[in-house]
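Listed below, chain by chain, are the residues.
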Amino acid sequence: MTGFTLGSSGLGNACNGVLTGVVLAKRAATTTDIQRANRSATLRWNYTPQVKPRLFCIGDSRTAGYINADCQNWPSMIGDYLDQPLEVFNLAVSGSQTTDFIPNTQPGLITELKKGGYNLATIWLGINDFSHGKDKAATLQNVRAIASAVLAAGVKHVWIISEAKVGDMDWFWQYFPAGQHPNITLLTPFLNGLPLSVNAAGNFDALVWQGDTIHPFPSGGRTLASLAGRDINAFIAQDLDQ
């Protein structure tokens, strides 16, 4: 039973009931089931503002929606793929490099994060550093520093999105090897065979990428949103079980 109301009709002891839903279960709910449902409801319905779930998307023009009509971008689409509603903050600035974000945007973000809440973050930075000739090792160290800073400020988990091109992607594997950082997940949705792949020969799907193979069309943004959303869903579900 998911809802039942009981109230007096105003005439003696008569009453009326309205059944609002029925759920058939294979077994009785355990204490763990109930606790998990309560934690999930707390996030979904914002029962406690101090744990209001938020997703902060750090990035550049690819996250801002540059070129696309109405600046359609993947953070604005990710809500369609989330099991738990999150308040999404798009902190992307077109042309931004890691060396721009750290002194200009990061301080205000850290101040906000320290207010508390259930906070998650994504980072998709690097291409502008690379295209301006910045040292790739230094760039990846900056990405790692940004992730460390937001985690220290209270973010529960960070998803790093790699660069799309093969040679650039390798740097992300080097700095974020699988399993080494328990609170960081590297997303590489650009591997050969995947819808967003851009291979060494420059082949790509013109339905999801602009001709520069840097900026995704809205369809590419939606693909990325679905992949990131799936990973975020898995993390939240596991986190609620703890």
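Rules used in this analysis
Residues numbered from 1 in each chain as written. Predicted model: local features only at pLDDT ≥ 70, side-chain atom pairs only at ≥ 80, totals over all residues. Heavy atoms only, no water. Salt bridge = Lys/Arg side-chain N within 4 Å of Asp/Glu carboxyl O. Helix = DSSP H or I, 4+ residues; strand = E, 2+ residues; numbered from the N terminus. Buried < 20%, exposed > 50% of the residue type's maximum accessible area, 1.4 Å probe, protein only. Phe/Tyr/Trp six-rings, centres within 6.5 Å; stacked < 30°, edge-to-face > 60°. Lys NZ or Arg CZ within 6 Å of the ring centre and 35° of its normal.

Trainee: I'd like to hear about the pattern of salt bridges, residue by residue, with values.
Mentor: For side chains of opposite charge, pairing can occur when their charged atoms come near one another. Taken as a whole and assessed by the stated rule, the structure comprises seven salt bridges. The closest approach of N and O atoms between Arg62 and Glu163, which form a salt bridge, is 2.6 Å. Taken together, the residues Arg62 in helix H2 (residues 61-64) and Glu163 in the loop between strand E6 (157-161) and helix H8 (166-175) connect sequence positions 101 residues apart. Comparing Arg62 with Glu163, the two get one shared label, buried. Close ionic contact of Lys156 with Asp239 constitutes a salt bridge, the shortest N to O distance being 3.6 Å. Note that Lys156 is positioned in the loop between helix H7 (136-152) and E6 and Asp239 in helix H9 (residues 218-241), a separation of 83 residues in sequence. A relative accessible area of 31% means that Lys156 is categorised as partly exposed. Members of the salt-bridge network, linked through shared partners, are Arg54, Glu112 and Lys115.

Trainee: Tell me about the packing of aromatic side chains, residues and numbers included.
Mentor: Taken as a whole and assessed by the stated rule, the structure comprises four aromatic pairs. Between the aromatic rings of Phe56 and Phe89, the centroid separation amounts to 5.0 Å while the plane-to-plane angle is 15°, which identifies the pairing as stacked. One end of the pair, Phe56, is in strand E3 (residues 53-59); the other, Phe89, is in strand E4 (residues 87-90), with 33 residues separating them in the sequence. With a centroid separation of 6.0 Å and 45° between ring planes, the pair formed by Phe190 and Trp209 is classed as tilted. With Phe190 in the loop between strand E7 (184-187) and H9 and Trp209 in the loop between E7 and H9, this residue pair connects regions lying 19 residues apart in the sequence. A residue is classified by how much of its surface remains accessible, and Phe190, at 2% relative accessible area, is buried. Take Trp209: its relative accessible area is 2%, and that puts it in the buried class. Taken together, the ring pairs in this structure connect Trp124, Phe190 and Trp209 into an aromatic cluster. The ring of Phe130 carries the charged tip of Lys136 above its face, separated from the ring centre by 5.0 Å.

Keep in mind these values describe shape, not function.
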